[in-house]
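In case you want the letters, here they are:
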Amino acid sequence: MRDVLRHHLFWPVAALVALLVANTVARPGFLAVTVRDGHLFGAPVDILRTTAPLLLVALGMTLVIATRGIDLSVGAVVAVSGAVALSHLASAPDPAAPGTVLTAIGLALALCLVLGVWNGFLVSVLGIQPIIATLILMTAGRGVAMLITGGMITTVNSAPFKVLGSGFWLGLPTAAVLAFGVFAVVAYVVRRTALGMLLEATGINPAASRLSGVRSRTLTWTVYAASGLFAGLAGLLISADTMAADANNAGLFIELDAILAVVIGGTALSGGKFNLSGTLVGALVIATLERTVTVLGISPLVTPLFMALVVIAVTLLQSPRMRERLTAVRRRPTTGAQRPAARPDPTEVTAG
Amino acid sequence: MTQQTPPPVVEMTGVTVEFPPVTALDGVDLHLRPGEIHALMGENGAGKSTLIKALTGVYSPTAGTILVDGAEHRFSGPADARAHGISTVYQEVNLCENLTVAENIMLGAEPRVLGGLNWRAMRRQAAAHLRRMGLDIDPASSLGSHSLAVQQLVAICRATVGDCKVLILDEPTSSLDADEVAHLFAVMRSLRDEGVAILFVSHFLDQVYEVSDRMTVLRNGGLVGEFVTADLPAAELVQHMIGRSMDVLEAAEEAAERAERPAGATPLLQVVGLGRKGSVQPFDLDLYEGEVVGLAGLLGSGRTELARLLTGADRADVGQARVSGRPTRLRNPRVAMGHGIAYTSEDRKGEGVVDGLTVRENIVLALQAERGWMRPLPRRQVDELVAGYIERLGIRPADPEALLRNLSGGNQQKVLLARWLATAPRLLVLDEPTRGIDVGAKAEIQKLVAELAADGMSVVFISAELEEVLRISHRIAVLRDRRKVAEIDGDGASMDRVVDLIAGGGAA
Ligand SMILES: Nc1ncnc2c1ncn2[C@@H]1O[C@H](COP(=O)(O)OP(=O)(O)OP(=O)(O)O)[C@@H](O)[C@H]1O
Ligand SMILES: [Mg+2]
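Residues numbered from 1 in each chain as written. Chains lettered and ligands numbered in written order. Predicted model: local features only at pLDDT ≥ 70, side-chain atom pairs only at ≥ 80, totals over all residues. Heavy atoms only, no water.

Asker: What exactly am I supposed to notice about the coordination of the magnesium ion (ligand 2) here?
Answerer: Reference values for coordination geometry: four tetrahedral donors around a metal ideally subtend 109.5 degrees, six octahedral donors ideally subtend 90 or 180 degrees. All names here are of chain B. Binding of the magnesium ion (ligand 2) to the protein goes through S49 (OG) and Q91 (OE1), at separations of 2.0 to 2.2 Å. Separated by 42 residues along the polypeptide, S49 in helix α1 (residues 48–55) and Q91 in the loop between β6 (86–89) and α3 (101–106) bring together distant segments of the chain. Judged by its relative accessible area of 18%, S49 is buried. (Donors = N, O, S within 2.8 Å, 3.2 Å for Na, K, Ca; no water. Helix = DSSP H or I, 4+ residues; strand = E, 2+ residues; numbered from the N terminus. Buried < 20%, exposed > 50% of the residue type's maximum accessible area, 1.4 Å probe, protein only.)

Asker: Before we go on, may I ask you to explain the packing of helix α9 (residues 195–204) of chain A against helix α13 (residues 359–371) of chain B in this structure?
Answerer: To characterise two packed helices, one gives the angle between the axes of the helices and the distance between these axes. Two elements in contact, α9 of chain A and α13 of chain B, have axes whose closest approach is 11 Å; the angle formed by their N-to-C orientations is 105 degrees. Viewed along their axes, α9 of chain A and α13 of chain B adopt a mutual orientation that is roughly perpendicular. Of α13 of chain B, the residues touching α9 of chain A (which contributes M197, L198, E200 and A201 of chain A) are E361, V364, L365, Q368 and A369 of chain B. Its residues placed into classes, the contact of α9 of chain A with α13 of chain B shows six nonpolar, one polar and two charged. (Axes fitted to C-alpha atoms, helices over the stretch in contact; angles between N-to-C directions. Parallel < 35°, antiparallel > 145°, perpendicular 65-115°, else oblique. Contact = heavy atoms within 4.5 Å. Nonpolar A, V, L, I, M, F, W, Y, C, P; charged D, E, K, R; others polar.)

Asker: What is the right way to look at the site of ligand 1 in this model?
Answerer: Residues and elements named next belong to chain B. Contacts to ligand 1 come from 20 residues, most closely from S49, T50, N406, S408 and G410. In this structure, G45 approaches ligand 1 through a main-chain N or O atom, which is 2.8 Å from an oxygen atom. At a separation of 2.9 Å, an oxygen atom of ligand 1 approaches a polar backbone atom of G47. Mapped onto the shell around ligand 1, the elements with two or more residues apiece are α1 and α15 (409–421). (Near = heavy atom within 4 Å. Polar contact = N/O pair within 3.5 Å; in protein donor to acceptor, adjacent residues only side chain to side chain.)

Asker: Hey, could you run me through the UniProt feature "transmembrane region" (unreviewed entry) in chain A in this one?
Answerer: Residues and elements named next belong to chain A. In the numbering used here, UniProt assigns the "transmembrane region" (unreviewed entry) feature to residues 50–67, 74–92, 104–128, 135–156, 168–190, 219–238, 250–269 and 295–317. End C-alpha to end C-alpha, residues 104–128 measures 32 Å, and it is 88% helix and 0% strand. As a span, residues 219–238 carries 100% helix and 0% strand, and end to end its C-alpha atoms are 28 Å apart. (UniProt positions renumbered as here; feature names shortened; annotations may be inferred.)

Asker: Where do I start with a nonpolar patch on the surface in this structure?
Answerer: All names here are of chain A. Taken together, the side chains of L301, V302, L305, L309, I312, L316 and M322 make up a nonpolar region of the molecular surface, amounting to roughly 680 Å² of accessible area. Among the elements that line the nonpolar patch, the one with the most residues is helix α14 (residues 303–318), at four residues. The class of M322 is partly exposed, set by a relative accessible area of 31%. (Patch = residues over 30% accessible without salt bridge, like charges linked within 9 Å, V, L, I, M, F, W, Y side chains within 5 Å. Areas by Shrake-Rupley, 256 points an atom, 1.4 Å probe, with all protein chains shown as cover. Salt bridge = Lys/Arg side-chain N within 4 Å of Asp/Glu carboxyl O.)

Asker: Is there a simple way to explain the pattern of salt bridges in this structure?
Answerer: Oppositely charged side chains may form a pair once their charged atoms are brought near each other. Taken as a whole and assessed by the stated rule, the structure comprises 27 salt bridges over all chains. Linking R303 of chain B and D177 of chain B is a salt bridge whose minimum nitrogen-to-oxygen distance equals 3.2 Å. Taken together, the residues span a long stretch of sequence, with R303 of chain B in helix α10 (residues 303–310) and D177 of chain B in the loop between β9 (166–170) and α6 (178–193) at a distance of 126 residues. Among the residues examined, R303 of chain B registers a relative accessible area of 5% and is labelled buried. Overall, D177 of chain B belongs to the buried group, its relative accessible area being 4%. Put simply, R475 of chain B and E291 of chain B hold a salt bridge, and the shortest N to O gap is 2.8 Å. Of the two residues, R475 of chain B sits in strand β21 (residues 475–480) while E291 of chain B sits in the loop between β14 (280–287) and β15 (292–297), which places them 184 residues apart along the sequence. As far as burial versus exposure is concerned, R475 of chain B and E291 of chain B are alike and both buried. Three or more residues are tied together by salt bridges with common partners; here these are R191, E200 and K273 of chain A together with E361 of chain B.

Asker: Looking at this structure, how should I read the sheet that holds strand β1 (residues 10–19) of chain B?
Answerer: All names here are of chain B. The sheet built from four strands is open, its strands ordered β2-β1-β4-β5 with antiparallel pairing. The two strands at the open ends of the sheet, each matched to only one other strand, are β2 (22–32) and β5 (71–72). Pairing between strand β4 (residues 63–68) and β5: two bridges, direction antiparallel. Across the sheet, the residue bridging to L67 is E72, located in β5. With respect to the sheet, α1 is in contact with β1, β2 and β4, its orientation differing from that of β1 by roughly 115 degrees. (Pairing = 2+ DSSP bridges.)

Asker: Help me understand the environment of A184 of chain A, please; the structure alone is not making it clear to me.
Answerer: Tracing the backbone through its elements, the reader meets A184 of chain A in helix α8 (residues 174–192). The sequence separation of A184 of chain A and L19 of chain A amounts to 165 residues, and the corresponding C-alpha distance is 24 Å.

Asker: For this particular structure, what's the right way to read the interface of chain A and chain B?
Answerer: A common way to state how big an interface is: give the accessible area lost once the parts meet. Chain A puts 31 residues into the contact, and the matching count from chain B is 39 residues. Looking only at chain A, the three residues that lose the most surface to chain B are M197, L211 and S212 of chain A, adding up to 23% of its buried area. Seen at the junction of chain A and chain B, the total is one salt bridge. Between E361 of chain B and K273 of chain A there is a salt bridge; the shortest N-O distance is 3.7 Å. Contributions of two or more residues to the side of chain A that touches chain B are made by α8, α9, α10 (206–211) and α16 (335–338) of chain A. Among the elements that line the side of chain A that touches chain B, the one with the most residues is α9 of chain A, at six residues. (Buried area = accessible area lost by both parts, 1.4 Å probe.)

Asker: Got a minute to help me understand the pairing of strand β16 (residues 318–323) of chain B in this structure?
Answerer: Side-chain positions along a regular strand alternate between the two faces of the sheet. Residues and elements named next belong to chain B. Of the pairings in the sheet, the one linking strand β13 (residues 269–276) to β16 comprises five bridges and is antiparallel in character. The residue of β16 that forms the bridge with G275 is V318. Pairing geometry for β16 and strand β17 (residues 326–328), over three bridges, is antiparallel. Across the sheet, V323 pairs through a bridge with R326, a residue of β17. Remark: two residues form the turn of the hairpin made by β16 and β17, two consecutive strands paired antiparallel; S324 in that turn has positive phi of roughly 50 degrees.

Asker: For this particular structure, what's the right way to read helix α5 (residues 148–160) of chain B?
Answerer: Each full turn of the α-helix corresponds to 3.6 residues, which orients residues three or four apart in the same direction. Residues and elements named next belong to chain B. Spanning 13 residues, α5 covers 19 Å between terminal C-alpha atoms, matching the ideal 18 Å at 1.5 Å per step. Counted residue by residue, α5 has 12 buried out of 13 residues, so it is predominantly covered. Within α5 the residues assigned to the buried category are L148, A149, V150, Q151, Q152, L153, V154, A155, I156, C157, A159 and T160. Lining the buried residues of α5 we find α2 (78–83), β6, α3, α4 (119–132), β9 and α6. Of the residues one or two after α5, G162 is the one with positive phi, at around 80 degrees. (Expected span 1.5 Å × (residues − 1).)

What follows is the structure, given as structure tokens:
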């Protein structure tokens, strides 16, 4: 029992379950999933779909945070990605031609990769503080997106592209399949190779890592590039869902949601040890939370407050010091038995 | 009990500290009396640092009482303890590297004028504290620009600022030279004579005998007993610490045998005119296979800086290096590692341990980094390797999955040694490898170094402890004022001659 409580995923999973229970109580059919036209439908499926872009962004964010960094530019990169893809489609004679769609995707991802490389350059080569370095692109990126779309909300019709956002694959939302697929591959690579350990070493003690021959600079650079790429993919999923590129609002605040997902998942912002499965649960918690707000009919006025309360609860339960307090309280009754029996009068002991 | 002693200022009874499943301390007693220097003795991992942290409120004991001035007291942390007159210098120096020396010393006791800080007075007072410790550095310089040993002295200065009735020093001498140790002891004695109770941890038996009045010995988290230093012969002390008898002096006496170097052999590493502005003056050095070269010099003489240039930790701005006769630029540690050159830093906390990773991960880190992330070492091989080093170096707890931050200082040091041995280097540069290591393990490590050299490895050995350098080196390079001033044969070197060279006498 104690092991379950101690498990790093316990509180995030508990939060997720609690949210699902709250939803089911408010709307008994909440968890029902039906099959229509061979596709799955229902609130849980929707949640998976809305989780998809956040999961991708949070994946990159986790790796960046592991190296003691942070990437604030992901929201802007999301906007750039959508702007590039949709502008390309809109300017093409046949937006539905497979070649055009593939080029649009390729162009968007390539540019986002470049943006990520730029961030990585600022941080790893020039040694600029990550929060400042990525702040540059966070503000400039939306301007770039604005330039690309010419200041308008670009809309376009392209059935093959739209599949990315709202289509289905084997009965599941394409976006979810893609995002969870990418996540699984990256998580597998990180943990099966030595990448995870080397990233953690870099994040915990950069100087020691350098002396040990870890290519810290390359690693740091790589995670920012990856973060840009994943944000680009997320941008494609988001723009394909609405089929509109909105330079101002696409991916707005997604960097904050992603950071929250990482923190809820139990990865410390101070870098080092990271936990991808936690990030997965964290992203699900946030997507479910957004859904819960509508299901419970919470007024938009108090929504941010409600979100904040849930987040505070989970992060508090995650904090080592809180946990220590909790375990100390639970352990107290047993200390008597551990005292050396021969000692005549051990004074009352409290831990914590 | 035997003589008239004042009542203890600190009286710890039956103190137990647990880190489930480990019992780090099991019912330990400690009595500190005013006006005494009390040594806390024990092997690596015996529980010395834990006992100190239990007293100052860093850890909360699960059993036992702590009396301060006769009243039961539980401190909430080091700041609380300090407010009650208990000043502590912990084993790992914990200062603000980006503040100045003066700020670090006076932090919390800053002189004020009109609600603001009186910077001039602060610098003046800090300078006085530094002088007392025999330190001649600019109080306005940033702490990070100084060597670890200086930082340690600054930490001690900081602890003696303001009123304290108990001063706790956890391995304060581990990176100090004889000179600094002498200064420190003078300060300790004068504080003792003012009635301060001093608790002192050191693995140097001669220091303990020189300065302490009384000692408490721990073994495996348990109390062995309290002794009057003068009544306890060293051999008996060692026996108390390790639980069996061992002639330390004899075990450490490892004859430095060297296979005769063939005439005209190519040095493994040859540097000519290598130097770096503000760090070391250009120097020449040849390092051969199967040879241990010691670096001797005072604190700040450039020992560490020289080692850093040899290993790519710092980049030289003049001079050439040849590895096995081929010209190379040792641009960074990675390049050096590619040539089989390994470097263990003296700064265990800052440049050594990755404290959030496990013992296993720390041991394989360099080896894995060398292979690159795409070629993870097979798990079975890792497990064998790690188990091998845990056994060979006696790392405790013998648990590959223990987090490094939970190991005692000496055991962390052993893990670092294992990290570099695992890369099977051709040239191993050891900067204070025995820092904080207990008597038994130290002899083991010296033996290990001799064996490695006998097997053909080239070793550079740096230690603040001159006897150690003399004992295991075949050749000794002497440094003074950031310049290599002499190179002498280890076999013919007498302590006096080396001391002479270090201090500036003799042939330069
Ligand atoms: N926070 C912790 N969590 C788990 N185990 C710990 C923790 N701190 C200390 N220990 C364990 O307690 C034991 C005593 O450690 P301690 O640091 O007190 O040793 P020490 O006597 O100071 O040794 P050294 O001479 O190497 O500094 C060790 O086995 C260590 O691994
Ligand atoms: Mg210790």
